[in-house]
Protein chains: 2
Amino acid sequence: MTTQQLHQQILQKKSFLCVGLDPDLNKIPQHLLETEDPVFEFNKAIIDATHDLTVGYKPNTAFFEAHGIKGWISLQKTINYINEKFPEIFTIADAKRGDIGNTSAMYAKAFFEDLNFDSVTVAPYMGKDSVEPFLAFENKHTIMLALTSNEGAFDFQTLDVNGKQLYEQVLETSKAWKNSHNLMYVVGATKAEYFTEIRKIVPDSFLLVPGIGAQGGSLSEVCKYGMNDKIGLLVNSARAIIYASNGIDFAEKARDEALKVQQEMEGILSLKFKV
Amino acid sequence: MTTQQLHQQILQKKSFLCVGLDPDLNKIPQHLLETEDPVFEFNKAIIDATHDLTVGYKPNTAFFEAHGIKGWISLQKTINYINEKFPEIFTIADAKRGDIGNTSAMYAKAFFEDLNFDSVTVAPYMGKDSVEPFLAFENKHTIMLALTSNEGAFDFQTLDVNGKQLYEQVLETSKAWKNSHNLMYVVGATKAEYFTEIRKIVPDSFLLVPGIGAQGGSLSEVCKYGMNDKIGLLVNSARAIIYASNGIDFAEKARDEALKVQQEMEGILSLKFKV
């Protein structure tokens, strides 16, 4: 998928919501545990209930790997289901990978070719040759961690390096990498005041924004400081939507929560872009 | 496995070699491609040929994930084979994971419980709460990236932060984390001169050292600057051993290469520790 197609989808759906698929067997409705593949059944129900309100799905690989081979099967089924049934949706493997060059190339193959995700999240610590193998894939997107939504973000990401904060240097440096037009960045919603500086460095890039919902970030603040003239934001919500209920009505309640976010987004888009 | 058991194994085998299992279908002997699970058959043959010369095996998850479900099955079979047949061997899932707390807990479960590895590699960028869920497992070991062996290491890891280099700050900061006694660190062999400073910060920790062999690091230099009085090093070699030949004799040739490294290690140990 191209960023133009993603942008088009956002305008059509009046939404820049991405739903995080973090299926935890301790949190999903108990009646699903009787099915053969509760993780997939949970995802499928959430997808069916929300696909017209969201432009992206972001399965986090940890929640699948925790179940070993069975979990990897659930992941494969989930991405296949999205790609077959809702091919317009932007898919993100939230994997936070990164390794030396020949190894990163294997990860890129895993997520872009074998699983056929549109994008994958990567960690920046190992630098250029750990990320460029992902960037080599055209019309695939590499979403690099810049400033994350967790407390630990302040351990290293905001350290002062030559008068800049580390995450700013990460953004700056990455712009010079080969095929950097295929980069997007993770910027946590819990740090909305940082978006102004971030937009000075990467005015045109899409930002994937976790931290809305359970983690407490404000959508309007994020939009105020983070939107660019192509919108440029994908705002992720996971727990607040997928675990809105753990009863029989979980998918319906997930839709209700997704709808609330979509409507807030529609309001913002109509104000800012008259769509 | 405890670090004491690892230390004992090193003394018994007169080796602190770890063999990296990076099975690439384009590089493994072609006759294996006719078997049902070439990746596992390759690993099994390498393990059978080298287990008395090495104290650790380090499968890199990328080389398995690249084959999707089939790859994950090969990984499961590989770790099961080592754990059942050679339970004394220290196993490392080279996965370089790291995510927000509840998600890192899922990765920890995946590698420590589901797959039953002794250790896993993690990335530091997301800070304390992305690593502590791994550290909560006693007698399991969390090997955090400090200074890696690739070129990209100089992009961020060696940036100056408050008069220190970033990787030094990473080492320093991590010492205050809960259960930090379960930490080990990745330090690339290609940067042997850095070991002196590193040992000032983490004198007692085990260091996992990639970069010997194909990447050009020197074993004697690493030992000169990196060894502590409990040895404290696990030196990894992958390509130089596992791809010593791609013919019928690949396992035999892998053993020859592993033996060369083990003998060099035996020499160093006998000089330094009279073992």
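Conventions adopted
Counting restarts for each chain, with residues numbered from 1 along the sequence as it is written. In the order they appear in the text, chains get letters beginning with A and ligands get numbers beginning with 1. Local features in a predicted model are, by the rule used here, given only for residues with pLDDT of at least 70; side-chain atom pairs are given and counted only at 80 or more, and totals for whole chains, interfaces and linings are based on all residues. Excluded from the side-chain calculations are hydrogens and water; all other atoms, namely the structure's heavy atoms, are used. Note on disulfides: each one is a pair of cysteine sulfur atoms within 2.5 Å. UniProt positions are given in the numbering used here, feature names are shortened, and annotations may be inferred rather than shown by experiment. We count a stretch as a helix when DSSP gives it H or I for four or more residues in a row; a strand needs E for two or more, and each element gets its number in order from the N terminus. Working rule for contacts: check all heavy atoms of both residues, and any pair within 4.5 Å makes them a contact. As used in this structure description, the phrase polar contact means that two N or O atoms lie within 3.5 Å; if the pair is within protein, one of them must be able to donate a hydrogen and the other to accept it, and residues adjacent in sequence are counted only when both atoms belong to side chains. A 1.4 Å probe that fits but cannot get out identifies a cavity on a 1 Å grid over protein atoms alone, an open set with protein on both sides within 12 Å along at least five of seven lines counts as a pocket, and a residue lines either if it has an atom within 4 Å of a point. Grid points are joined across faces, edges and corners, and a volume is the space filled by probe spheres set on the points. The nonpolar class holds Ala, Val, Leu, Ile, Met, Phe, Trp, Tyr, Cys and Pro. Asp, Glu, Lys and Arg form the charged class, and all remaining residues, Gly among them, are polar. Copy-to-copy alignment: least squares on C-alpha atoms, limited to residues at pLDDT 70 or above in both. Between N-to-C directions, angles span 0 to 180 degrees; the directions come from axes that are lines fitted to C-alpha atoms, helices contributing only their stretch in contact. Each crossing gets its handedness from the near helix: less than a right angle anticlockwise from the far helix is left-handed, clockwise is right-handed. By this rule the span expected of a helix is its residue count minus one, scaled by 1.5 Å. Exposed residues in this analysis have more than 50% of their type's maximum accessible area, buried residues have under 20%, and partly exposed residues fall in between, with area computed by a 1.4 Å probe over protein chains only. Residue types Ala, Val, Leu, Ile, Met, Phe, Trp, Tyr and Cys, when buried and joined through side-chain atoms within 4.5 Å, form a set referred to as a nonpolar core. Salt-bridge detection follows one rule: a side-chain nitrogen of Lys or Arg within 4 Å of a carboxyl oxygen of Asp or Glu. Put simply, buried area is how much 1.4 Å-probe accessible surface two parts lose in total, over both of them, once they are put together. Any two strands between which DSSP finds at least two bridges are classified as paired. Whether a crossover is right-handed comes down to one check: with the strands pointing away from the viewer, does the path from the first strand over the helix to the second run clockwise; if it does, it is right-handed.

(A) Up close: the state of the cysteines. Applying the stated criterion across every chain, the model contains 0 disulfides over all chains. Just so you know, A:Cys18 is unpaired, no disulfide at all, and the nearest cysteine sulfur is the one on A:Cys223, 14 Å from it.

(B) Fine view of the UniProt feature "active site" (unreviewed entry) in chain A. What UniProt calls "active site" (unreviewed entry) maps, in this numbering, to A:Lys96. You can see A:Lys96 is positioned in strand β3 (residues 90-97). Excluding residues that lie within four positions of it along the chain, A:Lys96 makes contacts with A:Asn60, A:Thr121, A:Val122, A:Ala123, A:Leu145, B:Lys96, B:Gly98, B:Asp99 and B:Met126. A polar atom in the side chain of A:Lys96 sits 2.8 Å from the side chain of A:Asp94.

(C) Main features of the layout of surface pockets. Taken as a whole, the largest pocket holds about 450 Å³ of empty space. Taken together, 21 residues form the lining of the largest pocket, with A:Thr3, A:His181, A:Asp204, A:Ser205 and A:Phe206 sitting closest to its centre. Going through the elements one at a time, α1 (3-13) and β8 (183-187) of chain A are the ones with two or more residues in the lining of the largest pocket. Broken down by class, the residue content of the lining of the largest pocket amounts to 7 nonpolar, 10 polar and 4 charged. Roughly 380 Å³ of internal volume is contained in the second largest pocket. For the second largest pocket, the lining is made up of 19 residues, of which B:Thr3, B:His181, B:Asp204, B:Ser205 and B:Phe206 are closest to its centre. Put simply, the parts of the chain that give the lining of the second largest pocket at least two residues each are α1 (3-13) and β8 (183-187) of chain B.

(D) The arrangement of the side chain of B:Lys58 in detail. All names here are of chain B. Take Lys58: it is sitting in strand β2 (residues 56-59). Side chain to side chain, Lys58 and Asp94 meet in a polar contact 2.7 Å long. If we skip the residues at most four places from it in the chain, Lys58 touches Cys18, Val19, Gly20, Leu21, Asp22, Ile92, Asp94, Leu208 and Asn236.

(E) Region of the structure containing the UniProt feature "domain: Orotidine 5'-phosphate decarboxylase" (unreviewed entry) in chain A. Here the UniProt-annotated "domain: Orotidine 5'-phosphate decarboxylase" (unreviewed entry) positions come out as residues 16-254 of chain A. This span, residues 16-254 of chain A, is 39% helix and 19% strand, and a straight line between its end C-alpha atoms measures 16 Å.

(F) How the structure looks around the relation of the copies chain B and chain A. Under the fitted operation, chain B is carried onto chain A by 0.0 Å of movement along the axis and a turn of 180°, and the coordinates agree to an RMSD of 0.0 Å. Overall, the copies show the geometry of a two-fold rotation axis. Within chain B, B:Val161 has its C-alpha nearest the rotation axis, a separation of 2.5 Å. Counting the interface residues of chain B, we find that 100% of their copies in chain A are interface residues as well, pointing to one common contact surface.

(G) Focus on the packing of helix α5 (residues 101-114) of chain A against helix α6 (residues 128-135) of chain A. All names here are of chain A. Relative orientation of the contacting elements α5 and α6 amounts to 35°, with a least axis distance of 8 Å. For the pair α5 and α6, the crossing hand works out as right-handed. Here Gly101, Ser104, Ala105, Tyr107, Ala108 and Phe112 of α5 lie close against α6, whose contacting residues are Asp129, Ser130, Pro133 and Phe134. Here the residues of the contact of α5 with α6 are counted per class, giving 6 nonpolar, 3 polar and 1 charged.

(H) Just helix α12 (residues 250-273) of chain A, in detail. Residue and element names in this part refer to chain A. Counted at 1.5 Å a residue, the expected span for α12 with its 24 residues is 34 Å, and the 33 Å between its end C-alpha atoms agrees. Those residues of α12 that sit buried are Phe250, Ala251, Ala254, Ala258, Val261, Gln262, Met265, Ile268 and Leu269. The inward-facing, buried residues of α12 contact α1, β1 (17-21), α2 (38-50), α10 (219-226), β10 (233-237) and α11 (239-242). Positioned one or two residues after α12, Lys274 has a phi angle of 55°, which is positive.

(I) Region of interest: the nonpolar core. In terms of nonpolar packing, the biggest core is built from 201 residues, with A:Phe16, A:Phe111, B:Phe16 and B:Phe111 touching the most fellow members. Ignoring anything within four residues of it in the chain, the contact list for A:Phe111 reads A:Thr61, A:Trp72, A:Ala93, A:Ala95, A:Arg97, A:Asn116, A:Phe117, A:Val120 and B:Glu65.

(J) The arrangement of the pattern of salt bridges in detail. Evaluation of the coordinates by the stated rule reveals 26 salt bridges over all chains. For B:Glu65, the salt bridge is made with A:Arg97, and the minimal N-O distance between the two is 3.0 Å. With B:Glu65 in helix α3 (residues 62-65) and A:Arg97 in strand β3, this pair bridges two chains. For the residue pair B:Glu65 and A:Arg97, the accessibility class agrees, reading buried in each case. Of the charged contacts, one joins A:Asp249 and A:Lys253 as a salt bridge, the two residues approaching to 3.6 Å between their closest N and O atoms. Under the relative-accessibility criterion, A:Asp249 is labelled partly exposed at 27%. Connected via shared salt-bridge partners are A:Lys58, A:Asp94, A:Lys96 and B:Asp99.

(K) Molecular detail of the interface of chain B and chain A. With 58 residues of chain B in contact, the opposing surface of chain A contributes 58 residues. Taken over both partners, the interface formed by chain B and chain A buries close to 4,900 Å², and the fraction arising from carbon and sulfur atoms is 64%. Per-residue buried area on chain B facing chain A is highest for B:Met106, B:Tyr125 and B:Phe156; these three make up 18% of the total on that side. Our enumeration of links across chain B and chain A arrives at 4 salt bridges. When the shortest N-O distance is used, the salt bridge between B:Lys96 and A:Asp99 registers 2.7 Å. Remark: the boundary between chain B and chain A carries 26 residue pairs in polar contact (both at pLDDT 80 or more). In terms of residue count, helix α5 (residues 101-114) of chain B provides more of the side of chain B that touches chain A than any other element does, 8 residues in total. Of the residues belonging to the side of chain B that touches chain A, the class tally is 25 nonpolar, 18 polar and 15 charged.

(L) Representation of the pairing of β3(A) within the structure. Residue and element names in this part refer to chain A. In terms of burial, β3 is largely enclosed, as 8 of its 8 residues are buried. With 2 bridges joining them, strand β2 (residues 56-59) and β3 adopt parallel strand pairing. In the sheet register, Tyr57 faces β3, and the bridge partner there is Thr91. Sheet analysis places β3 next to strand β4 (residues 119-122), joined by 3 bridges and oriented parallel. Paired with Ile92 across the strands is Ser119, a residue of β4. Handedness of the β-α-β unit built from β3, α5 and β4 comes out right-handed.

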